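Working through the structure, step by step
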Amino acid sequence: MIEVKHLTKIYKLNKKQKMELNTKASTKIAVNDVSFTAREGEIFGLLGPNGAGKTTTLRSIVTLLKPTKGQITVSGYDVVKDSKEVRKRIGFLTNELKLDGHFTPNYTMGFFGRLHGMSETQIESRKKELFDYFGVNKFADKKINELSTGMKQKLSIAVSVIHDPEVVIFDEPTNGLDIITARAVMAFLDNLRTQGKLVIVSTHIMTVATKLCDRVGIIIDGKKVIEGTIGDVLRDTQCDDLEDAFFKLYKEAIGD
Ligand SMILES: Nc1ncnc2c1ncn2[C@@H]1O[C@H](COP(=O)(O)OP(=O)(O)OP(=O)(O)O)[C@@H](O)[C@H]1O
């Protein structure tokens, strides 16, 4: 289980950031008192427009950012005090993960497996499972530079979950992917849910959330405006689809 309690993240802004945001303020509240719970066997979606605070929330969960206020626990471990224990249990996937193009998929999987303290036997068996699933076998000894974009993306996912984590956090899972790769990624996440893993994804694409997520939390301008199953959200907003519900909540939140 992941419990996010009253998470607040405030960034200090440098001169350049102040100019970009067109503000004189010296800080930016990226996440403002956000709480939610996600459980094993479900895909929880963190939804919101660009800049809403999704990435900041996910990076706080995976121990890459320290919350300014509030507390997050992953399987009972505090992300600040027990960050090592949290990292063992989590796979963090982002399309920004850059693999070194001079190495092969085989070498890369071994390298990351060893980083996670896995034995060579464990690495080989997990590698086989993931390469079979994503169809990487034919390319396992080619340089990553020579692979197609879709294949590189599938390999990045395989690398991120080499240690078979119980929790998988995926920032914008389908962003920038072609339709075939996007479908393979969604099927993979669905499969993780079937295995009883806890999956959290962030997305601003409501059709992806509708297809994939059991429950969602919608964040607008750093604040959570609703949490529940897709059915709960539709009922509470009296809308027929998630996109309409999202726009209704967005208008209410920004006071339009
Ligand atoms: N390191 C930082 N320093 C200052 N401000 C930041 C920093 N990182 C993010 N922000 C600001 O915090 C807010 C939330 O950003 P965040 O990346 O969490 O949003 P997001 O919902 O993931 O959106 P996107 O999909 O655009 O990444 C934005 O206004 C962003 O400009």
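Refer to the structure above for everything that follows.
Residues numbered from 1 in each chain as written. Predicted model: local features only at pLDDT ≥ 70, side-chain atom pairs only at ≥ 80, totals over all residues.

**Details of helix α7 (residues 179-194)**
Cut-off, in case you're wondering: In this description a helix means any DSSP run of H or I spanning at least four residues, a strand means any run of E spanning at least two, and both kinds are numbered starting from the N terminus. Each helix should span, by expectation, one fewer than its residue count multiplied by 1.5 Å. Residues are scored as being in contact if the C-beta atoms we place from backbone atoms lie within 7 Å.
Under the 1.5 Å per step criterion, the end-to-end length of α7 is 23 Å for 16 residues, consistent within 8% with the ideal 22 Å. Looking at the buried positions of α7, the neighbouring elements they touch are β3 (43-47), α6 (149-160), β7 (167-171), β8 (198-203) and α8 (206-212). Positive backbone phi, at 85°, marks G196, one or two positions downstream of α7.

**What about the sheet that holds strand β6 (residues 90-94)?**
Put simply, the rule is: Two strands make a pair as long as DSSP finds a minimum of two bridges between them. Here the axes come from fitting lines to C-alpha atoms, over the contacting stretch only for helices, and the angles between their N-to-C directions go from 0 to 180 degrees.
Read across the sheet, 6 strands follow the order β6-β7-β8-β3-β9-β10 without closing on themselves; strand pairing throughout is mixed. On the outer flanks of this sheet lie β6 and β10 (223-229), each paired with one strand and no other. Each neighbouring strand pair of the sheet contributes to a mean axis angle of 15°, computed without reference to strand direction. In terms of strand pairing, β7 meets β8 through 5 bridges, oriented parallel. Bridging from a neighbouring strand, I169 pairs with I200 of β8.

**Re the pairing of β6**
This is how the line gets drawn: Note on burial: count the other C-beta atoms lying within 10 Å of the residue's C-beta; 20 or more is buried, 12 or fewer is exposed, in between is partly exposed, and C-beta positions come from the backbone.
Taking burial as the measure, the 5 residues of β6 include 4 buried ones, the bulk of the element. As paired elements, β6 and β7 share 5 bridges and run parallel to each other. Each bridged residue has a counterpart across the sheet, and for G91 the counterpart in β7 is V168.

**Quick word on the site of the ligand**
What counts here: Any residue whose backbone-placed C-beta atom lies within 6 Å of a molecule or strand is treated as near that molecule or strand. Residues are grouped as follows: Ala, Val, Leu, Ile, Met, Phe, Trp, Tyr, Cys and Pro are nonpolar; Asp, Glu, Lys and Arg are charged; all remaining types, including Gly, are polar.
Neighbouring residues of the ligand: 13 residues in total, closest Y11, A30, N50, T55 and T56. When contributions to the shell around the ligand are tallied by element, the ones reaching two or more residues are β2 (27-38) and α2 (54-61). The element that contributes the greatest number of residues to the shell around the ligand is α2, accounting for 3 residues. For the shell around the ligand, the residue count by class is 4 nonpolar, 7 polar and 2 charged.

**Some details on the pairing of β3**
Sheet faces and side chains relate simply in a regular strand, where the side chains alternate between the two faces. With respect to burial, β3 is a largely interior element, 5 of its 5 residues being buried. Residues of β3 alternate between two faces, with I43, G45 and L47 on one and F44 and L46 on the opposite face, all of them buried. As paired strands, β3 and β8 are joined by 5 bridges and run parallel to one another. When the bridges of β8 are listed, I43 appears paired with V199. In this sheet, strand β9 (residues 215-220) lies alongside β3 in parallel orientation, the contact comprising 4 bridges.

**Some thoughts on unusual backbone geometry**
Positioned with a positive phi, D164 is a non-glycine residue whose angle comes to about 50°. Position of D164 relative to the elements: it lies in the loop between α6 and β7. By the C-beta count within 10 Å, which is 15 here, D164 ends up partly exposed. Here the phi dihedral of Q238 falls at roughly 55°; this positive angle occurs in a residue that is not glycine. Within the secondary structure, Q238 is located in the loop between α9 (230-237) and α10 (242-254).

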